[in-house]
Amino acid sequence: MSTLVLAEHDNVDLKDATLATITAATQLGGDVHVLVAGSGCGSVAEAAAKVAGVAKVLVADDAAYGAALPENLAPLIAGLMAGYDAFVAPATSRGKNVAPRVAAALDVAQISEILSVEGPDTFTRPIYAGNAIATVKSSDAKKVITVRGTAFAKAATSGGSASVEAVSGAGSAGTSSFVGAELTKSARPELTAAKIIVSGGRALGSSDKFHEYIDPLADKLGAAVGASRAAVDAGYAPNDYQVGQTGKIVAPELYVAVGISGAIQHLAGMKDSKIIVAINKDEEAPIFQVADVGLVGDLFTLVPELTGKL
Amino acid sequence: MKVLVPVKRVVDYNVKVRVKSDNTGVELANIKMSMNPFDEIAVEEAIRLKEKGIATEVVVVSVGVQQCTETLRTALAMGADRGILVQTDVTTESLAVAKVLAGIVAEEAPGLVILGKQAIDDDANQTGQMLAGLLGWAQGTFASKLDPQGETVNVTREIDGGLETVALKMPAIVTTDLRLNEPRYASLPNIMKAKSKPIANKTPADYGVDMTPRLTTLKVTEPAKRQAGIKVKSVDELVAKLKEMGAVA
Ligand SMILES: Cc1cc2nc3c(=O)[nH]c(=O)nc-3n(C[C@H](O)[C@H](O)[C@H](O)COP(=O)(O)OP(=O)(O)OC[C@H]3O[C@@H](n4cnc5c(N)ncnc54)[C@H](O)[C@@H]3O)c2cc1C
Ligand SMILES: Cc1cc2nc3c(=O)[nH]c(=O)nc-3n(C[C@H](O)[C@H](O)[C@H](O)COP(=O)(O)OP(=O)(O)OC[C@H]3O[C@@H](n4cnc5c(N)ncnc54)[C@H](O)[C@@H]3O)c2cc1C
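Notes on the structure follow. (Residues numbered from 1 in each chain as written. Chains lettered and ligands numbered in written order. Predicted model: local features only at pLDDT ≥ 70, side-chain atom pairs only at ≥ 80, totals over all residues. Heavy atoms only, no water.)

## Structural notes on the overall build of chain A
Step number 1: Looking only at helices and strands, chain A has eight helices and 16 strands in total.
Step number 2: A compact globule built from 310 residues should have a C-alpha radius of gyration of about 19 Å, and chain A, at 21 Å, falls within 12% of that.
Step number 3: Overall size of chain A, expressed as C-alpha extent along the three principal axes, is 60 × 40 × 40 Å.
Step number 4: Looking at chain A alone, contacts between residues at least 24 apart form 64% of all its contacts between residues at least 6 apart.
Step number 5: If you average the places of the 24 positive and of the 32 negative side-chain charges in chain A, the two averages end up 1 Å apart. (Helix = DSSP H or I, 4+ residues; strand = E, 2+ residues; numbered from the N terminus. Rg over C-alpha atoms; globule rule 2.2 N^0.38 Å. Contact = heavy atoms within 4.5 Å. Lys, Arg positive; Asp, Glu negative; His and termini not counted. Charge placed at Lys NZ, Arg CZ, Asp CG, Glu CD.)

## As for the packing of helix 3 (residues 70-80) of chain A against helix 4 (residues 93-106) of chain A
For any two helices packed against each other, one specifies the inter-axial angle together with the distance between the axes.
Residue and element names in this part refer to chain A.
Step number 1: At a closest axis distance of 9 Å, the pairing of helix 3 and helix 4 adopts a crossing angle of 50°. Viewed along their axes, helix 3 and helix 4 adopt a mutual orientation that is oblique. You can see that helix 3 and helix 4 cross each other, and the crossing is right-handed. Counted together, Pro70, Glu71, Leu73, Ala74, Ile77 and Ala78 of helix 3 and Asn97, Val98, Arg101, Val102, Ala105 and Leu106 of helix 4 form the full contact between these two elements. (Axes fitted to C-alpha atoms, helices over the stretch in contact; angles between N-to-C directions. Parallel < 35°, antiparallel > 145°, perpendicular 65-115°, else oblique. Left-handed = near helix turned anticlockwise from the far one by under 90°.)

## Brief notes about the interface of chain A and chain B
Step number 1: Contact residues are listed per partner, giving 82 residues for chain A and 77 residues for chain B.
Step number 2: Between chain A and chain B the total buried area reaches about 6,500 Å² when both faces are included, carbon and sulfur atoms providing 55% of it.
Step number 3: Counting the contacts that link chain A with chain B gives six salt bridges.
Step number 4: The shortest N-O distance in the salt bridge between Asp140(A) and Arg214(B) comes to 2.7 Å.
Step number 5: Counting across the interface, chain A meets chain B through 47 residue pairs in polar contact (both at pLDDT 80 or more).
Step number 6: With eight residues, the top contributor of residues to the side of chain A that touches chain B is strand 11 (residues 176-183) of chain A.
Step number 7: Of the residues assigned to the side of chain A that touches chain B, the class counts are 37 nonpolar, 25 polar and 20 charged.
Step number 8: Pairing analysis gives three bridges linking strand 16 (residues 293-296) of chain A to strand 13 (residues 230-232) of chain B, with the strands arranged parallel. (Buried area = accessible area lost by both parts, 1.4 Å probe. Salt bridge = Lys/Arg side-chain N within 4 Å of Asp/Glu carboxyl O. Polar contact = N/O pair within 3.5 Å; in protein donor to acceptor, adjacent residues only side chain to side chain. Nonpolar A, V, L, I, M, F, W, Y, C, P; charged D, E, K, R; others polar. Pairing = 2+ DSSP bridges.)

## Examining a nonpolar patch on the surface
Step number 1: Residues Leu188(B), Ile191(B) and Met192(B) make up a contiguous nonpolar surface patch of about 300 Å² in total accessible area.
Step number 2: Examined against the element boundaries, Met192(B) turns out to sit in helix 5 (residues 188-194). (Patch = residues over 30% accessible without salt bridge, like charges linked within 9 Å, V, L, I, M, F, W, Y side chains within 5 Å. Areas by Shrake-Rupley, 256 points an atom, 1.4 Å probe, with all protein chains shown as cover.)

## Examining the site of ligand 2
Step number 1: Every one of the 31 residues lining ligand 2 counts as a neighbour, but Lys8(B), Asp39(B), Val63(B), Thr92(B) and Gln126(B) are closest to it.
Step number 2: For ligand 2, an oxygen atom lies 2.4 Å from a polar atom in the side chain of Asp39(B).
Step number 3: Within the backbone of Asn125(B), one N or O atom sits 2.8 Å away from an oxygen atom of ligand 2.
Step number 4: Starting from 930 Å² of accessible surface for ligand 2 in isolation, the protein chains cover 93%.
Step number 5: Elements represented by at least two residues in the shell around ligand 2 include exactly strand 5 (110-114), strand 7 (122-127) and strand 8 (132-138) of chain A together with strand 4 (57-64), helix 3 (94-108), strand 6 (112-116) and strand 12 (215-221) of chain B.
Step number 6: Across the shell around ligand 2, the residue classes break down as 13 nonpolar, 13 polar and five charged. (Near = heavy atom within 4 Å.)

## What about empty space enclosed by the protein?
Step number 1: Scanning all chains against the criterion turns up three cavities of 30 Å³ or more.
Step number 2: Computed from the structure, the largest cavity encloses a volume of approximately 110 Å³.
Step number 3: Taken together, 13 residues form the lining of the largest cavity, with Tyr128(A), Ala129(A), Tyr13(B), Val15(B) and Ile120(B) sitting closest to its centre.
Step number 4: Partitioned by chemical class, the residues of the lining of the largest cavity number eight nonpolar, three polar and two charged. (1 Å grid on protein atoms, 1.4 Å probe; cavity = no way out; pocket = protein on both sides within 12 Å on 5 of 7 lines; lining within 4 Å. Points joined across faces, edges and corners; volume = space filled by probe spheres on them.)

## Side note on the packing of aromatic side chains
Residue and element names in this part refer to chain A.
Step number 1: Taken as a whole and assessed by the stated rule, the structure comprises one aromatic pair over all chains.
Step number 2: Taking 4.9 Å as the distance between ring centres and 80° as the angle between the ring planes, the aromatic pair formed by Tyr213 and Phe300 counts as edge-to-face. With Tyr213 in helix 5 (residues 207-221) and Phe300 in helix 8 (residues 299-309), this residue pair connects regions lying 87 residues apart in the sequence.
Step number 3: Residue class for Phe300 comes out partly exposed when judged on its relative accessible area of 27%.
Step number 4: Taking NZ or CZ as reference, Lys209 lies 5.9 Å from the ring centre of Phe300, over its face. (Phe/Tyr/Trp six-rings, centres within 6.5 Å; stacked < 30°, edge-to-face > 60°. Buried < 20%, exposed > 50% of the residue type's maximum accessible area, 1.4 Å probe, protein only. Lys NZ or Arg CZ within 6 Å of the ring centre and 35° of its normal.)

## Quick notes on the side chain of Ser138(A)
Step number 1: As for its position among the elements, Ser138(A) is in strand 8.
Step number 2: Polar side-chain contacts of Ser138(A) include one of 3.1 Å to the backbone nitrogen of Asp140(A).

## Quick word on the site of ligand 1
Step number 1: Among the 28 residues in the neighbourhood of ligand 1, the closest are listed as Arg202(A), Ser228(A), Gln242(A), Ser261(A) and Asp298(A).
Step number 2: Looking at what sits near ligand 1, you find residues from chains A and B.
Step number 3: In the environment of ligand 1, an oxygen atom lies 2.6 Å from a nitrogen or oxygen atom belonging to the side chain of Ser261(A).
Step number 4: In the model, an oxygen atom of ligand 1 is placed 2.8 Å from a nitrogen or oxygen of the Gln265(A) side chain.

## Side note on the pattern of salt bridges
Step number 1: Counted under the stated rule, the structure contains 32 salt bridges over all chains.
Step number 2: With its nearest N and O atoms 3.2 Å apart, the salt bridge here joins Arg214(B) to Asp107(A). Of this pair, Arg214(B) sits in the loop between strand 11 (199-202) and strand 12 while Asp107(A) sits in the loop between helix 4 and strand 5, which puts the two residues in different chains.
Step number 3: Relative accessible area serves as the criterion here: at 35%, Asp107(A) is assigned to the partly exposed category.
Step number 4: Residue Asp121(A) is joined to Lys137(A) by a salt bridge in which the shortest nitrogen-to-oxygen separation is 3.7 Å. Pair noted here: Asp121(A) is in the loop between strand 6 (116-119) and strand 7 and Lys137(A) is in strand 8, with a separation of 16 residues, a long-range link.
Step number 5: Classification of Lys137(A) by relative accessible area gives partly exposed; the value is 35%.
Step number 6: What emerges from the salt-bridge pattern is a single network uniting Asp107(A), Asp140(A), Lys99(B) and Arg214(B).

Structure, rendered in structure tokens:
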């Protein structure tokens, strides 16, 4: 048994999502190798080699892999899979983009967003917005799996001493190119890695008010900022702030939901948080059914007061 | 250019599903079924491309049970031109659906296939990428903007850190995210008109696809339930409680 893990990175740093994925891969049993595909990504390979539990790091350093275009990455990975029994990727936008394409190339099903490894071919995964957990068994010879980062502990970033080996693939498939990116700039912690999250909903009413009320509370708590779909759709917050079934899945130590009703789709993304606090003027709001501590009232007076008293 | 839009029949997004007491699945009897919301967005985008004169025909396809015809009719009422029902009673796994869609693509030769990014029942988020892989086409997943320019289409994608734009050679695959558009409601006259639009009946065998599932569901269970906590009356109480729980210093 040997497993190939796709490293999540930006050509400079190895991202935390990789660490939870390595833990899941370790639970499959057998050797764990990590693929760092990118452009000028030597520092990522070095970091990956130090992660506990990794036996080998494969580096595919090529301009064609710099932007992680799935058209170029999938053939590289499918080619390498001749030597592996399983391919495991984090369920990030990148992992979700490329893994199914690898599965198609290998003619196997993909098991999406696993929550646990029950055996070498048996896994649990959420369905219906996390309202049910399915235990599924794969009959495919090779497995293609994506991993929900919040469900697995992070592998240690030190203690490993993996060998590093260069690999190459066909490079560019010539069907796609990277045009540009508009990344949200923030000095705050990343949403999926944050210990504390303050999320705002439709109730904030405008982008200005969102910043005026949510930001100071987040700053006081050293928290990341999240949002409901309604707040993102209305342009109060950028798309990558969306928490939920179809946004980001988070499980911080503390989640503060401000002016969020608690729709099934929102709960799907945050109900595994350790402590949930809800501030909402409607005492019947469904968010209170999952909140450890609820405060009923007007956010526009309560949030500044809370910020002041923390 | 023809645009192909696969639409899936799923449990309506407003329904909170319950796990069956024998743990074999979720309760689906007498539950409201609707078109997957991301597929409504896909149909809307295809119709807009037709209204702009970029697309010439919008073909919708659904793979599944006979009742998927209703889902196709909904798409036709929104403005799609014709439908294809690929009927099967077998659990539809993404890979098999992608293979059926690849067969339809071979017959229909669309310039774009627009799918939903995920179906809200299984949340698999795979079918579009698998189809792209099978065809060797470029893919623009999680699209919030779609801009066809001659032989290429620029797709703006919602990614973890923000937005990214890629240029794809056509024909190409696009999967929709929430911000791509706001789907229209079908008007009554259009619902009536949709009744006479053609729906072709096919089976997976017509495309040489074996639907046998690769995954077996051993059981379906309820997730750990959260207990509702307490309500506090003031900010002071909230702060005290948070300190007591060790949530803040
Ligand atoms: C396919 C699909 C996918 C979806 N995916 C997601 C997802 O990933 N994430 C997500 O969040 N949603 C998602 N949704 C949307 C979801 O169904 C809800 O519409 C959304 O979460 C509602 O956002 P909200 O709670 O901010 O707004 P609302 O439901 O409008 O709630 C606003 C709340 O603010 C309270 N309020 C108003 N004024 C004040 C005030 N002054 N002080 C205090 N409280 C106040 C109200 O009582 C209310 O409870 C999805 C929907 C669909 C169909
Ligand atoms: C409990 C349980 C667990 C399961 N677990 C898995 C699993 O882990 N992996 C797996 O591959 N399958 C699984 N399945 C199979 C499952 O039935 C799904 O149908 C399959 O994953 C299809 O994926 P999706 O529709 O969720 O695809 P997604 O990739 O989420 O769907 C994306 C888009 O593809 C198109 N599409 C998908 N299906 C159809 C269709 N039938 N007709 C027309 N268009 C369609 C739509 O445009 C849709 O928006 C499971 C089934 C059950 C009951």
